[in-house]
Amino acid sequence: MNSLQLFLPCAAGVEGFLADEVHALTGLTGHDLLVGRGGVLLQASWRDALRLNLHSRLAQRVLVQLAQRPYRGENDLYALAGDVAWEIWFTARQSFKVEVTAQHSPLKSLNFAALRVKDAVADRFRAKGGSRPDVDTQRPDVRIHLHLTSDQATLYIDTSGEPLFKRGWREDKGDAPLKETLAAAMIAATGWQADAPLYDPCCGSGTIAIEAAQIACRIPPGGKRRFAFERLLPYQAHIWSAIKEEAAGAIQASATPIFGSDVSHRMVDFAQRNAERAGVAHAVQLRGGDALQRMPPCEQPGVMLLNPPYGERIAAAGTAGRSARERMGVVERAGRETAQTEDGVDFFAQLATHWKKHYAGWQAWMLTPDLKLPGKMRLKESRRVPMWNGPIECRLFRFDMVKGAVRQRPEGEA
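From a predicted model like this one, the values you see are computed outputs, not experimental measurements.

Novice: An account of the overall build of the protein chain is requested, with residue identities and associated values reported.
Specialist: Check the secondary structure of the protein chain and you find 12 helices and 17 strands. The proportion of buried residues among the 414 residues of the protein chain is 51%. If you take every contact in the protein chain between residues at least 6 apart in sequence, the share linking residues at least 24 apart comes to 77%. In the form shown here, the protein chain has an accessible surface area of approximately 18,800 Å², with 48% of it arising from carbon and sulfur atoms.

Okay, structure coming up:
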């Protein structure tokens, strides 16, 4: 178990940031750490796999690659799975599930592909020991992943279990929550360091602020949850305990000013409870208040980072007493929703005016699916980082706030 091929999938656009994170956690470089499409490939040890599960903020899972070869049909998949020594990973007394993903696969049924892999696993156990493990599609002990391209089949065993964005602390959330892994990717993209203020003026249930506070306090994101590797045969409790003790010893108090606010006091309450469960209530200052009226939370300029309600998220955001759709005056223009304030002014244009007047020296980073939003805000972005929020293609725009009037951008400039 000292040389494993690991694959860490992540959201599109996050691969480079994940590679930097893996390098910082493991020290791997060169051919031992490769950036792939939709994730990072690395040659690492079993101990590294455990540490990455505990510490990675950007990976969706930590998968161990067990086999890869060309295929043409389902019988090739059966042969591929039948050659894997599953008995060194789990026992016939445990349950398992096969999950399939595909890109341009010629196979007509992915369900049948999963069935053939399941049959091969069961048949191998029966041939080796006379009994076979059961299949459990709801709460399996072991998850096997099959990924198909147009001509290559790859088998993995999952060491994570539940996706890694499930940190174990977010019990209170709104209707359109930001995944913790995406919040961490946004933070990584800004280059924010823990000695600078960070402020989310549309904090919702607090995901961005809490992720930042855990980074500042060096609290591992996986410290509140369990992992699938704890049910695999290579697992050794004393090794895992040592890894967790090392992580606990690195936790520190933080004086980094991290702030969040939201127009919905109900969401602020959610954020406060989430911060308490995440162990960072002491490190985050959360307040109620409209983003169009909130003044800077501290004297030192810092980083504003937000995923504001927009389009479908406006309808789902919710406030205390009335919906954000009602509060922000959502209207239809040319078939898509835009946000307006109560006096009929476009919300984002008014937000830009507020920032220019009161937030000189701050960097404002905004994640949005609207690629023309800078023009609507009459601001010129200094950076745009492609990023995906689930299936939605977005951009993380950076605006450098300079005190003065907001200038109209040329017609048609995006």
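So, next bit.
Novice: Any chance you could break down the pattern of salt bridges for me, citing the residues and the numbers?
Specialist: Under the defined criterion, the tally for this structure stands at 19 salt bridges. With a shortest N-O distance of 2.8 Å, arginine 57 and glutamate 211 are connected by a salt bridge. One end of the pair, arginine 57, is in the loop between helix H2 (46-55) and strand E4 (63-70); the other, glutamate 211, is in helix H6 (residues 207-217), with 154 residues separating them in the sequence. Judged by its relative accessible area of 8%, arginine 57 is buried. Between arginine 167 and glutamate 211 there is a salt bridge, with its nearest N and O atoms 3.1 Å apart.

Novice: Any chance you could break down empty space enclosed by the protein for me, citing the residues and the numbers?
Specialist: Taken as a whole and assessed by the stated rule, the structure comprises 2 cavities of 30 Å³ or more. In this structure, the second largest cavity encloses a volume near 30 Å³. Grouping the amino acids of the lining of the second largest cavity by side-chain chemistry returns 3 nonpolar, 3 polar and 2 charged.

Novice: Now, about the layout of surface pockets: what can you tell me, with residues and values included?
Specialist: Computed from the structure, the largest pocket encloses a volume of approximately 1,000 Å³. Among the elements of the structure, strand E1 (4-9), E4, strand E5 (95-102), strand E7 (142-148), strand E8 (152-158), helix H5 (180-190) and strand E16 (383-389) are those that each provide at least two residues to the lining of the largest pocket. Here the residues of the lining of the largest pocket are counted per class, giving 18 nonpolar, 15 polar and 5 charged. In this model, the second largest pocket occupies a volume close to 840 Å³. Of all the secondary-structure elements, those providing two or more residues to the lining of the second largest pocket are helix H1 (15-26), H2, H5, H6 and helix H7 (237-250). At 5 residues, H1 tops the list of elements feeding residues into the lining of the second largest pocket. In the lining of the second largest pocket, the residues fall into 17 nonpolar, 4 polar and 6 charged.

Novice: Give me the lowdown on the side chain of asparagine 53, citing residues and values where you can.
Specialist: Mapped onto the elements, asparagine 53 comes out in helix H2. Among the residues examined, asparagine 53 registers a relative accessible area of 2% and is labelled buried. For asparagine 53, the side chain forms a polar contact with the side chain of threonine 159, separated by 2.9 Å. At 2.6 Å, the side chain of asparagine 53 forms a polar contact with the side chain of serine 160.

Novice: Residues and numbers for the packing of H5 against H6, please.
Specialist: For the pair H5 and H6, interaxial distance at closest approach is 9 Å and the crossing angle is 65 degrees. Taken together, the axes of H5 and H6 are roughly perpendicular relative to one another. Judged by the sense of rotation from one axis to the other, the crossing of H5 with H6 is right-handed. Of the residues in H6, those in contact with Glu180, Ala183, Ala184, Met186 and Ile187 of H5 are Thr207, Ile208, Glu211, Ala212 and Ile215. Taken together, the residues of the contact of H5 with H6 sort by class into 7 nonpolar, 1 polar and 2 charged.

Novice: Describe the sheet that holds E7, and please don't skip the residues or the numbers.
Specialist: Reading across from one edge, E2-E3-E1-E4-E8-E7-E5-E6 is the order of the 8 strands in this open sheet, with mixed pairing throughout. Each having just a single partner strand, strand E2 (33-36) and strand E6 (134-135) make up the two edges of the open sheet. Note that E5 and E6 share 2 bridges and pair parallel. The residue bridging phenylalanine 96 from the neighbouring strand is valine 135, located in E6.

Novice: Requested: an account of H7, with residues and values cited.
Specialist: The terminal C-alpha atoms of H7 lie 20 Å apart, and with 14 residues this matches the ideal 20 Å at 1.5 Å per residue to within 8%. Turning to H7, its buried residues number three or more, namely Ile239, Trp240, Ile243 and Ala247. Looking straight down H7, one finds its buried side chains confined to an arc of 100 degrees; they lie on one side. Residues His238, Glu245 and Gly249 are exposed on H7 and point more than 90 degrees away from its buried face. Where H7 is buried, its residues meet H2.

Novice: Quick one: what's the story with the packing of H1 against H2, residue by residue and with numbers?
Specialist: For any two helices packed against each other, one specifies the crossing angle of their axes together with the interaxial distance. Running from N to C, H1 and H2 cross one another at 120 degrees; their axes reach a closest spacing of 11 Å. Classified by the angle between their axes, H1 and H2 sit oblique to one another. Between H1 and H2 lies a crossing whose hand is right-handed. Seen from H1, the contacting residues are Glu21, Val22, Leu25 and Thr26; seen from H2, they are Asp48, Arg51, Leu52 and His55.

Scoring rules and cut-offs
- Residues numbered from 1 in each chain as written.
- Predicted model: local features only at pLDDT ≥ 70, side-chain atom pairs only at ≥ 80, totals over all residues.
- Heavy atoms only, no water.
- Helix = DSSP H or I, 4+ residues; strand = E, 2+ residues; numbered from the N terminus.
- Buried < 20%, exposed > 50% of the residue type's maximum accessible area, 1.4 Å probe, protein only.
- Contact = heavy atoms within 4.5 Å.
- Areas by Shrake-Rupley, 256 points an atom, 1.4 Å probe, with all protein chains shown as cover.
- Salt bridge = Lys/Arg side-chain N within 4 Å of Asp/Glu carboxyl O.
- 1 Å grid on protein atoms, 1.4 Å probe; cavity = no way out; pocket = protein on both sides within 12 Å on 5 of 7 lines; lining within 4 Å.
- Points joined across faces, edges and corners; volume = space filled by probe spheres on them.
- Nonpolar A, V, L, I, M, F, W, Y, C, P; charged D, E, K, R; others polar.
- Polar contact = N/O pair within 3.5 Å; in protein donor to acceptor, adjacent residues only side chain to side chain.
- Axes fitted to C-alpha atoms, helices over the stretch in contact; angles between N-to-C directions.
- Parallel < 35°, antiparallel > 145°, perpendicular 65-115°, else oblique.
- Left-handed = near helix turned anticlockwise from the far one by under 90°.
- Pairing = 2+ DSSP bridges.
- Expected span 1.5 Å × (residues − 1).
- Arc of directions from axis to C-beta.

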